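Tertiary structure, described
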Amino acid sequence: MNVPMPRPLFRLPHSHFGLAVAALLLLAAPVAAQTPTPAPPASPAAPATPSPPSASPPADQATPAPAPVPPAPSAEAEKPSGDASSVKPIEMTARPALTFSGKADWDDGYKTIMEAIAKLRAEAKRAGLKVSGYPLTVFRSTDDVGFRFDAMLVIDQPPADPQLGTDFKIMQTPAGKAVKFEHRSSYEEIESTYEAITAWLDEKGLDSRDLFIEEYLNEGKGSDDTDLQVDIYVFVK
């Protein structure tokens, strides 16, 4: 850190003052030798004029500043940090869903999920299944490279013997106690929401079941679309 140097004290110009005094002494020396002049009596010093009292009140009598008003409690206090915008405990019930299982690398995760959902919609239309609710992704396992998932479309009561393609099947959505979080930004920023979720679970002393669902309230134009809306359900023990 740079510490500023103090300003130098103001100094009188001694050199010019000394030369002027020496010249006066040389001129006055012959006169002083001929007619010495007695020194005049010293004039009494004028009394110092007292300075007027300060108009400012003493420090101990200064008007105290008003005490700060504490801010009202905000709903933000109930929210986790980061991008997670809300927390809501919820009991998830099992529902029938047309399912497509797959795996993806992290870099292409969003694209792979959206492609799987598109396949599900086409298959539901072909098989005459009525879709209800938003598309889901159930994350089954993750590692450093990528993840395995079940993309799902919740459907009404399925037919007894649905005629489905080889890549599709009817499954039940996960059920149990969960905590719902909201992500309202691009998919590229969703990691910050998961970090906030992890911090919130640690603060509450809750353990997850390593099972979570993403529910897509809309589907962005790409992973960088900031209008994306995703609800995340984390199942807890």
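That block above? That's the structure.
Report follows, based on the coordinates. Counting restarts for each chain: residues are numbered from 1 in the order of the written sequence. Per-residue local features of the predicted model are confined to residues with pLDDT of at least 70, and side-chain atom pairs are confined, for both listing and counting, to 80 or more; whole-chain, interface and lining totals are unaffected and use all residues. Side-chain numbers come from the whole structure's heavy atoms, not from hydrogens or water.

**Some thoughts on the pairing of strand β6 (residues 176-183)**
Here's how the labels work: a residue is buried when its accessible area is under 20% of the maximum for its type, exposed when over 50%, partly exposed in between, all with a 1.4 Å probe on protein chains only. Counting from the N terminus, the helices are the DSSP runs of H or I reaching at least four residues and the strands are the DSSP runs of E reaching at least two. Within β6, six of the eight residues are buried, which leaves the element mostly enclosed by the surrounding structure. Judged from the six bridges that link them, strand β1 (residues 87-92) and β6 form a sheet pairing that is antiparallel. Opposite Ile90, over in β6, you have Ala178 as the bridge partner. Pairing between two strands is assigned when DSSP locates at least 2 bridges connecting them. As judged from the six bridges shared by β6 and strand β8 (residues 230-236), these two strands associate in the antiparallel manner. Bridging across to β8, Glu182 finds its partner in Asp231.

**Some words on the pattern of salt bridges**
Opposite charge on two side chains lets them pair, provided their charged atoms get close. Salt bridge, as applied in this entry: a Lys or Arg side-chain nitrogen positioned within 4 Å of an Asp or Glu carboxyl oxygen. Tallying each qualifying case throughout the model produces seven salt bridges. Residues Arg140 and Asp150 are paired through a salt bridge, measuring 2.7 Å at the closest nitrogen-oxygen approach. Pair noted here: Arg140 is in strand β3 (residues 136-142) and Asp150 is in strand β4 (residues 146-154), with a separation of ten residues, a long-range link. Among the residues examined, Arg140 registers a relative accessible area of 39% and is labelled partly exposed. Given a relative accessible area of 7%, Asp150 falls into the buried group. For Lys180, the salt bridge identified is with Asp231, shortest N-O distance 3.4 Å. Placement of Lys180 in strand β6 and of Asp231 in strand β8 is noted, with a sequence separation of 51 residues between them. Both residues of the pair, Lys180 and Asp231, count as buried. Residues joined in a network through salt bridges with shared partners are Lys180, Glu182, Arg184 and Asp231.

**Let's talk about the environment of Ala116**
Its location among the elements puts Ala116 in helix α2 (residues 109-127). When the C-alpha atoms of Ala116 and Phe100 are compared, they prove to be 6.7 Å apart, with 16 residues separating the residues in sequence. By definition, residues are in contact when any of their heavy atoms lie within 4.5 Å. Ala116 has contacts with Phe100, Phe149 and Ala151, leaving out every residue within four places of it along the chain.

**Let's talk about the pairing of strand β7 (residues 208-216)**
Here four bridges tie β3 to β7, and the two strands are oriented antiparallel to one another. From the neighbouring strand, Leu136 faces β7, where its bridge partner is Glu215. Taken together, the six bridges between β7 and β8 define a ladder with antiparallel strand orientation. Note that in β8 the partner of Phe212 across the bridge is Val234.

**Points about the environment of Val236**
For Val236, the location among the structural elements is in strand β8. Taking C-alpha positions, Val236 is 5.5 Å from Ala178, a pair spaced 58 residues apart along the chain. With residues up to four places along the chain from it excluded, the contact list for Val236 reads Lys177, Ala178, Val179, Leu201, Asp207, Ser208 and Arg209.

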